[in-house]
Amino acid sequence: MNASPGTRLVILGVAESDAHAVANHLIGMQLTEQGFVVVNLGVCTPLSEFADALDLHPRAEAVLIGSLNGHAYQDLRELPALRAAGRLARPVIVGGNISVGSRKSATDRERLLGLGVDHVLSDASQLVLLLDMLRAAKAAELQHG
Amino acid sequence: MNASPGTRLVILGVAESDAHAVANHLIGMQLTEQGFVVVNLGVCTPLSEFADALDLHPRAEAVLIGSLNGHAYQDLRELPALRAAGRLARPVIVGGNISVGSRKSATDRERLLGLGVDHVLSDASQLVLLLDMLRAAKAAELQHG
Amino acid sequence: MADIDDLSLPPEIAARLPGWQDTLDNFRALRRPGPGRAAVPFVCDVLRAAERAGRPAVQPRCGVGGHPEMVELLRALNEAGPAVLSVTVDAHTRLRRFDVASALLRTDPTELNGYPLVAHGWQRGRELTRAVPVPLEVRHGSPDARGLFAVAMAAGITSFEGGGIGYNLPYSKDVPLGHSLRAWQRVDAVCGTLADAGVVIDRELFGTLTAVLVPPSVSLAMTLLEGLAAVREGVRCLSVSYPQSGEIHQDVAALRAIRTVAARYLGADVEVYPVLHEFMGVFPRTPEFAGLLILCGGLTARLGGATKVVSKTVQEAYGIPDAAANADGIRMAALGASEMLDFVRLEEDRIAEEQHWIEREVAEIVEPVLSSRELFTGIEEGFREGRLDIPFSASVHARSRIVPRRDRSGAIRYADCGGLAFSAAVRRRQAAALERSGAPGRTLLEAADTDIHYFLQKENAFTMARRNRGN
Amino acid sequence: MADIDDLSLPPEIAARLPGWQDTLDNFRALRRPGPGRAAVPFVCDVLRAAERAGRPAVQPRCGVGGHPEMVELLRALNEAGPAVLSVTVDAHTRLRRFDVASALLRTDPTELNGYPLVAHGWQRGRELTRAVPVPLEVRHGSPDARGLFAVAMAAGITSFEGGGIGYNLPYSKDVPLGHSLRAWQRVDAVCGTLADAGVVIDRELFGTLTAVLVPPSVSLAMTLLEGLAAVREGVRCLSVSYPQSGEIHQDVAALRAIRTVAARYLGADVEVYPVLHEFMGVFPRTPEFAGLLILCGGLTARLGGATKVVSKTVQEAYGIPDAAANADGIRMAALGASEMLDFVRLEEDRIAEEQHWIEREVAEIVEPVLSSRELFTGIEEGFREGRLDIPFSASVHARSRIVPRRDRSGAIRYADCGGLAFSAAVRRRQAAALERSGAPGRTLLEAADTDIHYFLQKENAFTMARRNRGN
Ligand code: B12
Ligand code: B12
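Residues numbered from 1 in each chain as written. Chains lettered and ligands numbered in written order. Predicted model: local features only at pLDDT ≥ 70, side-chain atom pairs only at ≥ 80, totals over all residues. Heavy atoms only, no water.

Student: Which residues make up the overall build of chain C, and what are the values?
Tutor: Scanning chain C for helices and strands turns up 19 helices and ten strands. Its C-alpha atoms put chain C at 60 × 55 × 45 Å along the principal axes. Across the 471 residues of chain C, 66% fall into the buried class. Excluding contacts between residues fewer than 6 apart, the proportion of contacts in chain C whose partners are at least 24 apart in sequence is 74%. (Helix = DSSP H or I, 4+ residues; strand = E, 2+ residues; numbered from the N terminus. Buried < 20%, exposed > 50% of the residue type's maximum accessible area, 1.4 Å probe, protein only. Contact = heavy atoms within 4.5 Å.)

Below you can see the structure in the form of structure tokens.
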């Protein structure tokens, strides 16, 4: 996990109450194949552990959190507090099945954004595109800002 | 069909545009088994032919008309005119599937009653009961009225 | 060569038709891509493709009164991927009450239980054939369909259902067989002329008859007689339909027997495609049970080698289905015929035995007719004397002395062969099948009622058992 | 004799429990009719009855956060005639975050993905067991379920799912196997005590594991090891579950192998019931396709001789189902297992061959463990060294070096056997099955993705083909 400074690094994991592992395995493989260094914290990972991992790997471009079991909101509740404490200062990208029940509403997504989640994806295939866009936006910011 | 005067007699048939024969066969058999004389006009019978049959068999207690194909209202449209001309002066009992479509409404039934249909049944099993009740009511009427 | 003039149409229909050459040109134009639309194959093209693919083509029944509504319905159903779509005609048009159909069309088209093609006219018919990329079939039930046929041809519809027996006896009270057979002879003759001109019309024969408890050999015998009449007039593409009894071994055997019987009697100049009509009797009422029957219909069609299956819907028990239920039915039937159920094997011995007897019964029914001096008079005499017969006839021209029953397995048997000239061997087998079924003491009426409501009763039993924790 | 005290419960749970005698009395009272309610059988009674009847009992998963809502849900589902109902527990409770579950219960119970039984407490649990005339099972996923188990027993719930392997590796990140195995040992020991007192608790082992592409021999090996541990503690009734792969020959073989393997290794003192978990992987999205898979699950269960089948719903792909969809799922699974599909035969040779190899693979996986000095240390060492393994583990305590793939028929094979000590013969057969499937050039990731989305892809192919008129 100590890759050369040029390689891109992300932190990946599954939300605290959630044990769904398959997407996590696949996304980890996929990002690795695409040249990323993936710090994979696996399933059932409290938000504070994501913050710890970021402290350890400050180079990380983003924090990727999967949540399939419907508990995304509850499991990410500490985000405002952690951010207020200056931690998790990276784009937090959440993906999966973000609320309980078979009929979803737009408010599910808005609630997460309200917590400070930066992006909600339903499909991992858009992930690399999003990471590239975020990096480009950051580069532009550094240049002009 | 020239049964002894004591036996009960009904006129049975299927509405003018309707070729569904199975219920007609079964109801005919059933009433015969129960001791009725059944004048069965069969499928595709215009209302005027029901009236002709009643003229021929004035003893008939009721006129039973099946309609399965959804065209009951159109097929019975002449009823007010025939009644105005003094014909079909017996209880007209309609049974089957009385309107087009898989969702039925109460107005389907009301429209038929509005034409002068006396009873609408969805199930032939209530038929003998209804005929018995009609006969009892008539007897009572003759006694008191 | 027969053409539209030979149909002896009533002048008010004849006067409004386009010219013969225009009708031919329209058929040909349809098969090529047109402005803003893909080429539309003929129904016979679709059948050949399904035959090659080894999976039945799926077709729903569908017809509503209004024209824009009909266009919309076809487009909606097309989304479910049918191979053929139907123009199911209303009951008034079937009985040539064109004036009643026209009047209702003006006042309230939703009162019609089908699309009144004659009242709408061939120009609107052409709009239908161009509304969707799948070909259409007219499904009706007219003992004498000459007018409807002429309009359908002018519209460019490449499949036309019916025949002198199957569209008479179940569909009208008192049209003599001689009349209907000869009316259909004209239709077939025009199909022959069209075929010579390269426009092969698929003629589907309605082996479903009165739909309720039809013994397979009765169905196959009737379509065989109609098929002979059609081929004689030059028809080149025949779809022979058979109604699902629901006992799969019997159904598979019957579908397979359609091919052997056709090969034996109809000769090599005609393409014959077996078609399964999904269960045509009293339909179960719950979506699960109805859905299973529809799925099993697709499976039965594939295992029986049917070229086409006409699907049903979970609303069958209630009334004419809405578009959504109809689309679901198409998909369910297609799923039943799909590779998803390719693992299903049946008891082939049982099927072979069943098929043997069906073929024998058909032979015993039709061969006396075939040896009569003339086919139509043979048929007329047969029905008059009861040697030909169907159960539950709507028409006074069949005796309905046949009494069908289901045996213990659910297969349809003859409890009374009526006047059919069956051999002792056939009679013995039929009796034995019912004997084993052993439901003694029931009156004929109770028995008929039980057998007619076969799936409804199974459904009720299933539901009750589950209520009572029997699973 | 082990009793609740041996569970070493946290004091806040232990303090609130009823006495042991009260728990026993409650179980016994349930089995008798009570005021205003019928007797409720034990789950093991239901399993025995299903076994005798030769048709699998049907059970849905179900659990919502609120108590009145849960009672209502059980009552609604009961209408569909399940043989057993579930109390599916929320994820927080599974992970022993009882405080979080309690907090959510106060603020918004609909935020919970299951019924937090511990937070509700055993008194409400008793209301559940009396709400419906069918017995309940707790389905959860707790590596250490001692608290939940104690509450379930106090509530009178007669079936409890889980085991030291199957409820650890798929359900948590870092609970050592030694811990979970020993926690479940306590649970099993209490079940032994209860059985001695005449209260036979059904213990279901979660052979489904991580649910996605689980090779049958992995599933059977894990439940066999758990089964040995349970029997050793006195468990008398074991349900051994296996997740439908969707390839019916493989599934039927696996279900049948559960019986032979149990007979060989578990001895005669325990009743063993094979259970099919309807397809547990990525579910198709259209109601027709999902419905077919549910129906086929019922069929597979019956043909494989399963005693029970746990049903799915057409909303599986979307989220926790509503009551109506769940009830439909029960009926669909039951219909698939009903006499309606009794005509279906399978290629028995293929099944027999498949079963032979599954049994052999299981033997090769478990026998080295069985020959180790102690079962639990054998299991722990096995996983540490990769001789025991499961694919896609959620836990760091399995290596997940096994790489499963589907072969051309859809059956699940080992593309890489990881550290499993398979013989050359087993490896050859596995390799051959995949070779024939020939999908060269694909990366492992692409291959995994395709195989994981097997039914979704079939569904898409079906839909697209129909859109393009391929039928
Ligand atoms: C397999 C499975 C399981 C297995 C998981 C095994 C394991 N450890 O991995 C088992 C059987 C153990 C299981 C357990 C449970 N499950 Co589950 N499970 C499924 C199932 C069938 C498939 C999930 C899967 O593996 N998919 C394959 C992967 C590749 O796809 P995916 O997970 O959907 O991921 C894609 C996207 O979501 C997204 N994505 C996922 N993660 C991330 C992360 C990021 C950063 C991004 C950008 C994108 C992204 O991209 C992926 C690829 O496109 C789904 C239903 C379905 N889809 O058919 C239910 C489902 C997810 N499970 C569900 C539930 C509720 C549970 C349980 C809580 C039990 C319960 N109460 O029913 C427990 C979990 C307990 C816990 N502590 O969390 C529910 C969620 C309900 C809801 N949200 O309303 C579902 C939808 C089933 C249902 N209909 O009820 N489950
Ligand atoms: C068999 C059948 C046919 C056979 C009929 C053969 C024959 N000649 O008998 C065939 C295939 C030929 C056929 C044709 C048509 N049919 Co049809 N047919 C059926 C089916 C499947 C069963 C009917 C049946 O025989 N039932 C058995 C008997 C015993 O039951 P029953 O008819 O329901 O009768 C009971 C009650 O209705 C009542 N009852 C009936 N008559 C009477 C009379 C009296 C006096 C009383 C008191 C009670 C009563 O008591 C009976 C016993 O309880 C039904 C759908 C279903 N139920 O599953 C559709 C159905 C009746 N048909 C229908 C239609 C529309 C037609 C057609 C017009 C074609 C079309 N457009 O789809 C043509 C008829 C053309 C015409 N001229 O009428 C529709 C009616 C739609 C609506 N109302 O919305 C139905 C509901 C199918 C559907 N879902 O679309 N049909």
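Student: Tell me about helix α2 (residues 20-31) of chain D, residues and numbers included.
Tutor: Residue and element names in this part refer to chain D. Helix length check: α2, at twelve residues, gives a terminal C-alpha distance of 18 Å against a target of 16 Å (1.5 Å per residue), a fit within 8%. Those residues of α2 lying buried are Thr23, Leu24, Asn26, Phe27 and Leu30. The arc that holds every buried residue of α2, seen down its axis, measures 160 degrees, which confines them to one face. (Expected span 1.5 Å × (residues − 1). Arc of directions from axis to C-beta.)

Student: Run through the sheet that holds strand β6 (residues 237-243) of chain D, naming residues and quoting values.
Tutor: Whether parallel or antiparallel, the strands of a sheet pair through hydrogen bonds between backbone atoms. Residue and element names in this part refer to chain D. The strand order across the open sheet built from eight strands is β1-β8-β7-β6-β5-β4-β3-β2, with neighbouring strands paired in parallel fashion. Each of the sheet's edge strands pairs with one partner strand only, and the pair in question is β1 (57-60) and β2 (85-88). Neighbouring strand axes in the sheet, compared pairwise and without regard to direction, differ in orientation by 25 degrees on average. Pairing of β1 with strand β8 (residues 308-311), which is carried by four bridges, proceeds in the parallel orientation. Bridging from a neighbouring strand, alanine 57 pairs with lysine 308 of β8. (Pairing = 2+ DSSP bridges. Axes fitted to C-alpha atoms, helices over the stretch in contact; angles between N-to-C directions.)

Student: So, the relation of the copies chain C and chain D: which residues are in play, and what are the values?
Tutor: Here chain C sits on chain D after a turn of 180 degrees about the axis and a move of 0.0 Å along it, with an RMSD of 0.0 Å. On the angle and the small slide along the axis, the relation comes out as a two-fold axis. It is arginine 345 of chain C whose C-alpha, among those of chain C, lies nearest the rotation axis, at 2.4 Å. The share of interface residues of chain C whose copies in chain D are also at the interface is 100%, consistent with both copies meeting through the same surface. (Least-squares fit on C-alpha atoms with pLDDT ≥ 70 in both.)

Student: So what's going on with the confidence of the model for chain C? Which residues, and what values?
Tutor: For chain C, the average pLDDT comes to 95, and 98% of its residues sit at 70 or higher. Interface predicted TM-score (ipTM) for the complex: 0.93; the corresponding pTM is 0.95. (pLDDT = per-residue confidence, 0-100.)

Student: I'd like a description of the site of ligand 2, backed by residues and values.
Tutor: Near ligand 2 lie 47 residues; those nearest to it are His20 and Ala21 of chain B together with Asn113, Glu316 and Gly319 of chain C. Residue neighbours of ligand 2 fall on chains B and C, so the site bridges chains. Between ligand 2 and leucine 68 of chain B, the relevant distance is 3.4 Å, taken from a nitrogen atom to a main-chain nitrogen or oxygen of the residue. Between ligand 2 and alanine 124 of chain B, the relevant distance is 3.0 Å, taken from an oxygen atom to a main-chain nitrogen or oxygen of the residue. Residue contributions to the shell around ligand 2 peak at four residues, all from helix α1 (residues 22-33) of chain B. When grouped by side-chain class, the residues that make up the shell around ligand 2 number 25 nonpolar, 17 polar and five charged. (Near = heavy atom within 4 Å. Polar contact = N/O pair within 3.5 Å; in protein donor to acceptor, adjacent residues only side chain to side chain. Nonpolar A, V, L, I, M, F, W, Y, C, P; charged D, E, K, R; others polar.)

Student: Account for the state of the cysteines, naming residues and giving values.
Tutor: Enumeration over the complete set of coordinates arrives at zero disulfides over all chains. For cysteine 296 of chain D, which is in no disulfide, the shortest distance to another cysteine sulfur is to cysteine 296 of chain C and amounts to 10 Å. (Disulfide = S-S within 2.5 Å.)

Student: Lay out the site of ligand 1 with the relevant residues and their values.
Tutor: Close to ligand 1 lie 48 residues, the nearest being His20, Ala21 and Gly101 of chain A together with Glu316 and Gly319 of chain D. Looking at the residues close to ligand 1, they fall on chains A and D. Within the backbone of serine 17 of chain A, an N or O atom sits 2.8 Å from a nitrogen atom of ligand 1. Valine 22 of chain A has a polar backbone atom sitting 3.5 Å from an oxygen atom of ligand 1. If you list the elements that add at least two residues to the shell around ligand 1, you get α1 (22-33), β3 (63-67) and β4 (92-96) of chain A together with α5 (91-94) of chain D. Per element, the largest residue contribution to the shell around ligand 1 is four residues, and it comes from α1 of chain A. Per-class residue counts for the shell around ligand 1 are 26 nonpolar, 17 polar and five charged.

Student: Which residues make up the coordination of the cobalt atom of ligand 2, and what values do they have?
Tutor: What the protein offers the cobalt atom of ligand 2 as a donor is a single atom, His20 of chain B (NE2), at 2.3 Å. Relative to the helices and strands, histidine 20 of chain B is located in the loop between β1 (9-14) and α1. (Donors = N, O, S within 2.8 Å, 3.2 Å for Na, K, Ca; no water.)

Student: How would you explain the interface of chain C and chain D if you had to name every residue and give the values?
Tutor: Of the residues lining the interface, 42 residues belong to chain C; the matching set on chain D comes to 42 residues. At the boundary of chain C and chain D, one finds six salt bridges. Glutamate 288 of chain C is the salt-bridge partner of arginine 331 of chain D, the closest N and O atoms lying 3.2 Å from each other. The tally of links from chain C across to chain D stands at nine residue pairs in polar contact (both at pLDDT 80 or more). If you list the elements that add at least two residues to the side of chain C that touches chain D, you get β1 (57-60), α12 (248-265), α13 (287-303), α14 (323-336) and α19 (454-467) of chain C. (Salt bridge = Lys/Arg side-chain N within 4 Å of Asp/Glu carboxyl O.)

Student: Could you give me a rundown of the interface of chain B and chain C, with the residues and numbers involved?
Tutor: Each side of the interface is counted separately: chain B has 28 residues, and chain C has 32 residues. Between chain B and chain C lies a buried interface of about 2200 Å² when both sides are counted; carbon and sulfur atoms form 58% of it. It is Leu26, His71 and Ser102 of chain B in chain B that bury the most area against chain C; as a group they hold 22% of the surface buried on that side. Joining chain B to chain C, the criterion identifies five salt bridges. (Buried area = accessible area lost by both parts, 1.4 Å probe.)

Student: Explain α14 of chain C to me, and be specific about the residues and the numbers.
Tutor: A rise of 1.5 Å per residue sets the reference length of α14 of chain C, with its 14 residues, at 20 Å; its end C-alpha atoms lie 20 Å apart and thus fit the reference within 8%. Buried positions along α14 of chain C lie against β1, α4 (67-78), α13 and β8 (308-311) of chain C together with α13 (287-303) and α19 (454-467) of chain D.

Student: Give me the lowdown on the packing of α2 of chain D against helix α10 (residues 177-196) of chain D, citing residues and values where you can.
Tutor: Residues and elements named next belong to chain D. Following both chains from N to C, one finds α2 and α10 inclined at 65 degrees, their axes separated by 12 Å at the closest point. Handedness of the α2/α10 crossing: right-handed. For the pair formed by α2 and α10, the contact residues are Trp20, Leu24 and Phe27 on the first element and Val190, Thr193 and Leu194 on the second. Residue composition of the contact of α2 with α10, grouped by class: five nonpolar, one polar and no charged. (Left-handed = near helix turned anticlockwise from the far one by under 90°.)

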